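Secondary and tertiary structure notes
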Amino acid sequence: MEELAFYKGKRIFVTGHTGFKGGWLCRTLALAGAEVFGYALPPQRGLSFYGLCSVEDAVRGVFGDVRDAEALRAALCGFSPDIVFHLAAQPIVGRGYREPLETFGANLMGTVCLLEAVRACPRVKSVLIVTTDKVYRPGGGPRSERAPLGGDDPYAASKACAEIAAACYRTSWLAEAGVALSTARAGNAIGGGDFGEDRLVPDFFRAAGRGEPLALRSPRSVRPYQFVLEPVATYLRIAAAQAEDASLAGAYNVGPAAGARTALLADMLAEAWGGGGRIRAASRFKETEKLELDSAKAERVFGIRPRTDLADAVRYTVEWERARLSGADMAAFTDGQIASFFSLPVR
């Protein structure tokens, strides 16, 4: 894990540390020897990566809402970090339709509150805002960072708004203050410890646990599926590089060279798991059918290339879930997967 050496001894502030991807990021940073402070809502009830993997033992932190500007500023300035990763969000497309006010509040105004807190803390030198591949207007081939922003559903639109707000803060205040700010537009991450609603992998494992077939919401949809540590590694690379060279700040896509059909991923999960099934079902709400990312910019600027493919992602995910069901120490098992991933050569 030599490439993580930059983070040893660094003070890192992470919003969303109680979530799936935030938890993987925090355990990786802890293994790298960073001092990490988290700020997020309490973990979801029931199963969570945060609880199973003892994230609270690896990082300090407080529970709070990113829309609470005063509390967020007090937490960030009190810790006085070198680098900030912003992952806190309302991440579910379906929930966005049911709760648009909360979705725009968390994803847009939560980002604005975070950036206001950064403005109040002079120690911060590098900020990475995590958004999504869904920030682009529907249509066309693989989206590059030059594609127009948009979004037809509340989740996508709120994340596109967060991108615009981040660009505004970068040019209006942060660049002049010597703070490098980038956004990372990541594709769909899969891996162990995701227990969210309306997501393929946790839906598959829940159905398998009940002995029922999986109902696919959009079997023909194409998404840039990737193992969760692929975007985590890219976030770490971007934040470290721009901390040393602020001219690298900008917007970056984070995803595989080609997307995969949802039905294919479901088939691969079923085969790896050794049972289960699926049925094709109509979408319950409107989603873009095909989303693919052009991540050539991140490869050109940072030399980022994937270590894993979809088969590897499925293997790591199934191994994690089998370990959980067997009663393994999931903090240790997860750390083992992190070490295994970072020892892999790039492809």
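As a reminder, the structure under discussion sits directly above these lines.
Below or above, wherever it landed, is the structure these notes cover. Model, not experiment: these values are computed from the prediction. (Residues numbered from 1 in each chain as written. Predicted model: local features only at pLDDT ≥ 70, side-chain atom pairs only at ≥ 80, totals over all residues. Heavy atoms only, no water.)

1. Focus: the pairing of strand E2 (residues 35–40)
The line we're drawing: Buried means the residue's accessible area, taken with a 1.4 Å probe over protein chains only, is under 20% of the maximum for its type, while exposed means over 50%, and partly exposed covers the values in between. Secondary structure elements are taken from DSSP: a helix is a run of H or I of four residues or more, a strand is a run of E of two residues or more, and numbering for both begins at the N terminus. Strand pairing is assigned whenever DSSP detects at least two bridges linking the two strands. For the handedness criterion, the strands are oriented away from the viewer, and a crossover whose path from the first strand over the helix to the second runs clockwise is classed as right-handed.
Summarising burial for E2: 5 of the 6 residues are buried, a large majority. Bridge analysis of strand E1 (residues 11–15) against E2 gives 5 bridges, and the strand direction is parallel. Bridge pairing links Arg11 to Glu35 in E2. Handedness of the E1-helix H1 (residues 20–31)-E2 crossover: right-handed. As judged from the 4 bridges shared by E2 and strand E3 (residues 60–63), these two strands associate in the parallel manner. Looking at E3, one finds that Gly38 is bridged to Gly61.

2. Quick look at unusual backbone geometry
Unlike most non-glycine residues, Ser54 shows phi in positive territory, near 50°. Structurally, Ser54 is set in the loop between helix H2 (49–52) and helix H3 (55–58). Phi is positive for Asp198, close to 55°, though the residue is something other than glycine. For Asp198, the location among the structural elements is in the loop between strand E7 (189–190) and helix H8 (200–210). Judged by relative accessible area, which is 19%, Asp198 ranks as buried.

3. Looking at the environment of Val301
To be explicit about the condition: It only takes one pair of heavy atoms within 4.5 Å for two residues to be counted as in contact.
Following the sequence through the fold, Val301 ends up in helix H11 (residues 296–302). Along the sequence, Val301 and Tyr252 sit 49 residues apart, while their C-alpha atoms lie 9.6 Å from each other. Dropping the residues within four chain positions of it, Val301 is found in contact with Leu248 and Tyr252.

4. Notes on the nonpolar core
The cut-off we apply is this: We define a nonpolar core as any set of buried Ala, Val, Leu, Ile, Met, Phe, Trp, Tyr and Cys residues linked to one another through side-chain atoms lying within 4.5 Å.
Among the nonpolar cores identified, the biggest contains 70 residues, and Tyr7, Val14, Trp24, Leu29, Phe85 and Leu236 are the most heavily contacted of them. Counting residues per element, this core draws most heavily on helix H9 (residues 229–244), which supplies 8 residues. Residues in contact with Trp24, not counting those within four places in the same chain, are Phe49, Gly192, Val228, Leu229, Val232, Trp320, Thr334, Gln337 and Ile338. Formed by 27 residues, the second largest nonpolar core is a distinct cluster that contains Ala75, Val124, Ile129 and Tyr169.

5. Section: the packing of helix H10 (residues 262–273) against helix H12 (residues 310–325)
Stated formally: Axis definition: a line fitted to C-alpha atoms, over the contacting stretch in the case of helices. Angles run 0 to 180 degrees between N-to-C directions. Here is the rule for angles: anything less than 35 degrees is roughly parallel, anything more than 145 is roughly antiparallel, 65 through 115 is roughly perpendicular, and the remaining ranges are oblique. Take the far helix as the reference: if the near one is turned anticlockwise from it by less than a right angle, the crossing is left-handed, and if turned clockwise, right-handed. Residues are sorted three ways: Asp, Glu, Lys and Arg are charged, Ala, Val, Leu, Ile, Met, Phe, Trp, Tyr, Cys and Pro are nonpolar, and all the rest, Gly among them, are polar.
In contact at an axis separation of 10 Å, H10 and H12 are set at 45° when each is read in the N-to-C sense. The pairing of H10 with H12 is recorded here as oblique in orientation. Handedness of the H10/H12 crossing: right-handed. Packed against H10, whose contacting residues are Leu264, Leu265, Met268, Leu269, Ala272 and Trp273, the element H12 presents Leu310, Ala311, Val314, Val318, Glu321, Arg322 and Leu325 at the interface. Considered class by class, the residues forming the contact of H10 with H12 number 11 nonpolar, no polar and 2 charged.

6. Topic: the pairing of E1
Most of E1 is tucked away, with 5 of its 5 residues classed as buried. Alternating positions in E1 separate into two faces, Arg11, Phe13 and Thr15 on one and Ile12 and Val14 on the other, with burial throughout. Across 4 bridges, the pairing between E1 and strand E4 (residues 83–86) is parallel. Bridge pairing in E4 links Ile12 to Ile83.

7. Considering the sheet that holds E2
With parallel pairing, 7 strands are arranged side by side in an open sheet as E3-E2-E1-E4-E5-E6-E11. Strands at the two margins of the open sheet, each flanked by one partner only, are E3 and strand E11 (251–254). On average, each strand axis in the sheet is inclined to that of its neighbour by 15°, with strand direction left out of account. H1 contacts E1, E2, E4, strand E5 (126–130) and strand E6 (180–186) of the sheet and is inclined by roughly 170° relative to E1.

Everything listed is a geometric property; what it means functionally is a separate question.
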